[in-house]
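Commentary on secondary and tertiary structure
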Amino acid sequence: MPHIIVKLWPGRSDEQKIALADKMAEAMTEIMGTPDKNISVSFEEVAKEDWTEEVYNTDILAKESLLYKKPGY
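Below or above, wherever it landed, is the structure these notes cover. (Residues numbered from 1 in each chain as written. Predicted model: local features only at pLDDT ≥ 70, side-chain atom pairs only at ≥ 80, totals over all residues. Heavy atoms only, no water.)

1. Section: the nonpolar core
Grouped together as the largest cluster of nonpolar side chains are 6 residues: Ile 4, Val 6, Leu 8, Ala 25, Met 28 and Ile 39. Every element with two or more residues in this core is listed here: strand S1 (3-8) and helix H1 (14-32). With 3 residues, S1 is the single largest residue contributor to this core. (Core = buried A, V, L, I, M, F, W, Y, C linked by side-chain atoms within 4.5 Å. Buried < 20%, exposed > 50% of the residue type's maximum accessible area, 1.4 Å probe, protein only. Helix = DSSP H or I, 4+ residues; strand = E, 2+ residues; numbered from the N terminus.)

Okay, here's the thing in structure tokens:
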């Protein structure tokens, strides 16, 4: 615990994903006190044309009360 899921459009390199996963784990350790060995991060690529249906409607609008940072679109 915790497991962080990042949903994003395709096109980022593995190197970018690894760098982001490392920074997120670093922040989780620093801010929440979670040991690095307990953190996992995955990436789910969602095509731009599927974003509204698969992410915006289901993960953002339907769960708006859970958001701590809302999108600006």
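2. Observations regarding the environment of Gly 11
Looking at the element boundaries, Gly 11 is found in the loop between S1 and H1. Distance from Gly 11 to Ala 47, taken between C-alpha atoms, is 9.8 Å for residues 36 residues apart in sequence. Gly 11 has contacts with Gln 16 and Glu 45, leaving out every residue within four places of it along the chain. (Contact = heavy atoms within 4.5 Å.)

3. Observations concerning H1
Given a rise of 1.5 Å per residue, 19 residues ought to cover 27 Å, and the 26 Å separating the end C-alpha atoms of H1 matches this to within 8%. Among the residues of H1, Lys 17, Ala 21, Ala 25 and Met 28 are the ones counted as buried. End-on view of H1: buried residues confined to an arc of 70°, all on one side of the axis. Projecting away from the buried face of H1 at angles above 90 degrees are the exposed residues Glu 15, Lys 23, Glu 30 and Ile 31. Residues of H1 that are buried sit in contact with S1 and strand S2 (40-45). (Expected span 1.5 Å × (residues − 1). Arc of directions from axis to C-beta.)

4. A few points about the side chain of Lys 17
Positionally, Lys 17 belongs in helix H1. According to the relative accessible area criterion, Lys 17 is buried, its value standing at 17%. Residues contacting Lys 17, with those up to four places away along its chain left out, are Arg 12, Phe 43 and Glu 45.

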